[in-house]
Amino acid sequence: MTEVIKILLIEDDEDDYFLTSDYLERCESPQFKLTWVTDSDSALEALKEGSFDLCLLDFLLGAENALDVLSILKANQVNVPVVILTGQSDTMVDEMVMRAGAADYLQKSEIESPRFMRTIRYALVRRDIENERIERNKVEQKNKAKDKFLAHLGHELRTPLTSILGYTELLIDDARNSPFQQELSIIHSNGKHLLSLLNDLLDMSRIMANKLELNVKRVNLAAFLTDIHSLMQLNAKDKGLSLNVVAKTKMPEFIQTDPTRLRQILLNLITNAVKFTDNGTITLTIEIEKPDVDDQDVEGQSVQPDSVLRFTVDDTGIGMAPDKLENIFHPFEQIEDVMRANHGGAGLGLAICKELVCKLDGDISVKSRMGEGSSFSFYIHPGDISTQPLEELALGQLSIVEPANLNLKLTGKVLIVDDLREIRRLTGHLVSQSRADISYAENGVKALEAVLQADEQNAPFNLVLMDIHMPVMNGIEALHAIRRHGKHLPVVAVTAASRKGLKESLIREGFNDVIGKPIDRFALASLLSLYLPADNPITFSNVEAQVSNMPTAKPFAPESALPHQGGSNLDIPALLNAQTTSISQPPAEQTADEVTQRITVGSGKKKVLVVEDDEDAAELLQLFLTHLGCDVVKSLCGNDALKAMHEQQFDHVLMDLTLPDCDGYELAKELKAQQHDCKLTIVSGHQADAGFMASIGIDSALLKPVTKNDLESVIA
């Protein structure tokens, strides 16, 4: 079809109109449709009634000139390109009309020349480019508005979720609420489900805006897969399912990938498999795929750099019809049969998996048959693994964590060090059955700080369970640092690796013992019996009052090594030790008040400022921190926080980024300026900006909702 260009001619001379019209009619390609008006009012009316590709404007229109008309068109937001027609060239006039917004200018004598057609085409091209720029700018503005809305929505939803999950967790941990455990667990699980949906929505938003960044690092494959198995086997067992991990080929010890995103993909696929399987087996299969088998060592002792690592999740669940599979990885897509089965979800999980796999330079596919199960398979590039020897993948004894009590009458303090919060929680649940007090650390640096602080408070740990593979400072480095400080407490290595000679190697590094992951409860019981003291039968008259409000059962591991019930800050083991010392040294007479005062002072009670404008969230943080043995001051706005910092010394500040009276980062900068040595942690529904954190000196950041475990990891 021949292109038709619609032109509006604003010209008060009829002869010039006929000249222009005659020339345009003779053009075969493109074709022109000309509309003629004689003044600015008629031109504006014509432009409002119809759309035009180009406007030809005579410089002189009776009492008006082109500058007046351009001003009128601009005031009425007319974006049609305008070419000025002049009787004779005048450099000054030409410059004036171009500055006024004209696309170009021509002498009327050039209407029948090739330059006339070139000028029209150039003006139209510039119009198209400008329209594209405007549309692109509109899309960018819409995306910015959407991102801003989602960030605000995320913050607004995370703040009430903090209260819902936090208070529910406190109620669950209180044995007095045992008649309502089922109802509380339903509230807690649905709150976590809502948080999961929110995270999926925000993840998809970041992916669509191309703002999702990878953090590629060296990953121990056996340890990584063992953690995946440990996290998911409880979910599978709850439905009576078997979860297996199978390696079809020999594997390298390390790969290069983003462990957080790879874990997210696998947990999503396995969670879906558990959700849609009522009986049978779920199997995670991994294998090295080689680009050309003929050129490779069939025994698997070496691989080429372009080999890929494939993961396949098979289930024996309800399956899907073949015609439903092509849309399964699209956002917000759910199979109708699945929706009728009320399995829930926003339909974002598989779409996120698809995008994350692509980010990792891989691809994902699915095979399924109705009533027989599904198979999701994806591959990623594991980095250059050609220099590593391949060995049989050994995940150790993949035993299910049993809920049965260990029935160990032991006391003492145990520090659990692992970079995965879920694994810390699982390990803490097992250790708590021994009646020991438990603290947590998320990496080697935090572990070292916790050990040194416990010694300063005269309440040292009796045992440290130390994961080997962690960011910031790994387990071996942390052990060496602990020993350099002259601390000889027992440290047990926790590792999923099982290569020959590993245990002997770790013992030579200075570990007292080694236990495999996932932790077997009977092996753990043996270790605890070896390193923890027996429960001390000595009691005081006030012990009953102090423990009267404590839970009689421990559905979860306690998250603080310091007793906190009843508003007391006394450390019972330290108090026992203090009285024993006093008895063994009769000349040093001390009253009970003096003993209590010495222990309270030695406990190193931390002063924490909480800056949070939501009163419910602030009260929950205060409650958590009080349970962790901290002295807490609340501020509901930035001005109150500055005033509090001016009047008191604080060890730590926990602050929200969104406050009613100031910018969060500016407030953080002022707080740091007032008390430079005070640690500062962002607790917000927004992801904290790493650049701002580094420039201001912010120590850490927590994303709402937060738990006592999260707070302990930064306060310790």
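Rules used throughout
Residues numbered from 1 in each chain as written. Predicted model: local features only at pLDDT ≥ 70, side-chain atom pairs only at ≥ 80, totals over all residues. Heavy atoms only, no water. Helix = DSSP H or I, 4+ residues; strand = E, 2+ residues; numbered from the N terminus. Buried < 20%, exposed > 50% of the residue type's maximum accessible area, 1.4 Å probe, protein only. Contact = heavy atoms within 4.5 Å. Polar contact = N/O pair within 3.5 Å; in protein donor to acceptor, adjacent residues only side chain to side chain. Salt bridge = Lys/Arg side-chain N within 4 Å of Asp/Glu carboxyl O. Disulfide = S-S within 2.5 Å. Right-handed = clockwise from strand over helix to strand, strands pointing away. Pairing = 2+ DSSP bridges. Axes fitted to C-alpha atoms, helices over the stretch in contact; angles between N-to-C directions. Arc of directions from axis to C-beta. Left-handed = near helix turned anticlockwise from the far one by under 90°. Nonpolar A, V, L, I, M, F, W, Y, C, P; charged D, E, K, R; others polar. Core = buried A, V, L, I, M, F, W, Y, C linked by side-chain atoms within 4.5 Å. Phe/Tyr/Trp six-rings, centres within 6.5 Å; stacked < 30°, edge-to-face > 60°. Lys NZ or Arg CZ within 6 Å of the ring centre and 35° of its normal. pLDDT = per-residue confidence, 0-100. Patch = residues over 30% accessible without salt bridge, like charges linked within 9 Å, V, L, I, M, F, W, Y side chains within 5 Å. Areas by Shrake-Rupley, 256 points an atom, 1.4 Å probe, with all protein chains shown as cover. Lys, Arg positive; Asp, Glu negative; His and termini not counted. Charge placed at Lys NZ, Arg CZ, Asp CG, Glu CD.

**Comments concerning the overall build of the protein**
Okay, step 1: Across its full length, the protein holds 23 helices and 24 strands.
Okay, step 2: Buried positions account for 48% of the 716 residues belonging to the protein.
Okay, step 3: For the protein, the share of sequence-separated contacts (at least 6 apart) that also reach a separation of at least 24 residues comes to 73%.

**As for the side chain of S374**
Okay, step 1: For S374, the location among the structural elements is in strand β14 (residues 373-380).
Okay, step 2: On the accessibility criterion, S374 (7% relative accessible area) is buried.
Okay, step 3: Looking at S374, its side chain comes within polar contact range of the side chain of S368, at 2.7 Å.
Okay, step 4: Excluding residues within four positions of it along the chain, S374 makes contact with V313, D314, D315, G319, M320, K367 and S368.

**Considerations on the pattern of salt bridges**
Okay, step 1: Enumeration over the complete set of coordinates arrives at 13 salt bridges.
Okay, step 2: A salt bridge links K704 to D656; the shortest N-O distance between them is 3.6 Å. Of this pair, K704 sits in the loop between β24 (700-703) and α23 (708-715) while D656 sits in the loop between β22 (652-655) and α21 (664-674), and the two are 48 residues apart along the sequence. Comparing K704 with D656, the two get one shared label, buried.
Okay, step 3: What emerges from the salt-bridge pattern is a single network uniting E612, D656 and K704.

**Section: the state of the cysteines**
Okay, step 1: Under the defined criterion, the tally for this structure stands at 0 disulfides.
Okay, step 2: Between C662, a cysteine without a disulfide, and C637, which holds the nearest cysteine sulfur, the sulfur-to-sulfur distance is 7.6 Å.

**Here we look at the pairing of strand β20 (residues 607-611)**
Okay, step 1: Of all 5 residues in β20, 5 are buried, a share of seventy percent or more.
Okay, step 2: Burial along β20 is two-sided: K607, L609 and V611 facing one way and V608 and V610 facing the other are all buried.
Okay, step 3: Crossover handedness for the path β20 to helix α19 (residues 615-627) to strand β21 (residues 631-635): right-handed.
Okay, step 4: Taken together, the 4 bridges between β20 and β22 define a ladder with parallel strand orientation. When the bridges of β22 are listed, V611 appears paired with M655.

**Some words on the sheet that holds β20**
Okay, step 1: The 5 strands are arranged β21-β20-β22-β23-β24 in an open sheet whose pairing can be described as parallel. The open sheet has two edge strands, β21 and β24, and neither has a second partner. The sheet shows a mean angle of 20° between the axes of neighbouring strands, taken without regard to direction.
Okay, step 2: Strand contacts of α23: β20, β22, β23 (679-684) and β24, with the helix running at about 175° to β24, the strand carrying the most contacts.

**Some words on the sheet that holds strand β17 (residues 463-467)**
Okay, step 1: Spatially, 5 strands are ordered β16-β15-β17-β18-β19 in an open sheet, and the strand pairing comes out parallel. Across the chains shown, the open sheet's two edge strands, defined by having one partner strand only, are β16 (437-441) and β19 (513-516). If you compare each strand with its neighbour and ignore which way they point, the axes differ by 20° on average.
Okay, step 2: Relative to β19, strand β18 (residues 491-495) runs parallel, the two being bridged by 4 bridges. Within β19, the position partnered with V494 by the bridge is I515.

**Things to note about helix α13 (residues 475-484)**
Okay, step 1: Looking at α13, one finds that the buried residues are G475, A478, L479, A481 and I482. The buried side chains of α13 occupy one side of the element, clustering within an arc of 165° when seen end-on.
Okay, step 2: The backbone nitrogen of I476 has a side-chain oxygen 3.1 Å away, supplied by the residue at the start of α13, namely N474.
Okay, step 3: A positive phi of about 75° marks G486, the residue just after α13.

**Observations regarding the packing of α19 against α23**
Okay, step 1: One way to put it is that α19 packs onto α23 with a least axis distance of 10 Å and a crossing angle of 65°. Crossing of α19 over α23 shows right-handed handedness. Taken together, the residues of α23 that come into contact with α19 (itself represented by L621, F624, L625 and H627) are K708, L711 and I715.
Okay, step 2: For the contact of α19 with α23, the class distribution of residues is 5 nonpolar, 1 polar and 1 charged.

**A short note on the nonpolar core**
Okay, step 1: Of all hydrophobic cores here, the largest spans 47 residues; its most connected members are L269, F311 and F378.
Okay, step 2: With 7 residues, helix α8 (residues 259-275) is the largest single contributor of residues to this core.
Okay, step 3: Aside from chain neighbours lying at most four places away, what touches F378 is L262, I265, L266, L269, L309, R310, F311, V357, D363 and I364.
Okay, step 4: With 25 residues, the next largest nonpolar core counts L415, F461, L506 and V514 among its residues.

**With respect to the environment of R310**
Okay, step 1: By the element assignment, R310 lies in strand β12 (residues 308-315).
Okay, step 2: Its relative accessible area of 16% is what places R310 among the buried residues.
Okay, step 3: In this structure R310 touches T285, I286, E287, E289, S377, F378 and Y379, once residues within four positions along its chain are discounted.
Okay, step 4: A polar contact is formed between the side chain of R310 and the side chain of E289, at a distance of 2.6 Å.

**Points about the packing of aromatic side chains**
Okay, step 1: Taken as a whole and judged by the stated rule, the model has 5 aromatic pairs.
Okay, step 2: Feature note: the residues Y17, F18 and W36 constitute an aromatic cluster, connected by ring pairs.
Okay, step 3: Taking the ring centre of F254 as reference, the NZ or CZ of R218 above it sits at 3.6 Å.
Okay, step 4: Just above the ring of F461 sits the side chain of K413; from NZ or CZ to the centre is 4.7 Å.

**Re unusual backbone geometry**
Okay, step 1: For the bond from K704 to P705, the omega torsion is 0°, close enough to zero to count as cis.
Okay, step 2: Checked against the element boundaries, P705 lands in the loop between β24 and α23.
Okay, step 3: The backbone phi angle of D361 is positive, close to 60°, even though this residue is not glycine.
Okay, step 4: Unlike most non-glycine residues, N458 shows phi in positive territory, near 55°.
Okay, step 5: Taking relative accessible area as the criterion, N458 reaches 56% and is therefore assigned exposed.

**Here's the deal with the confidence of the model for the protein**
Okay, step 1: A residue-level look at the protein finds 81% of positions with pLDDT of 70 or above and a mean pLDDT of 77.
Okay, step 2: With pLDDT under 50 throughout, residues 396-405 is counted as low confidence; its partners more than four residues away or in other chains account for 19 contacts.

**Side note on a negative patch on the surface**
Okay, step 1: The grouping of D12, D13, E14 and D15 at the surface amounts to a negative patch.
Okay, step 2: Tracing the backbone shows E14 in helix α1 (residues 14-26).

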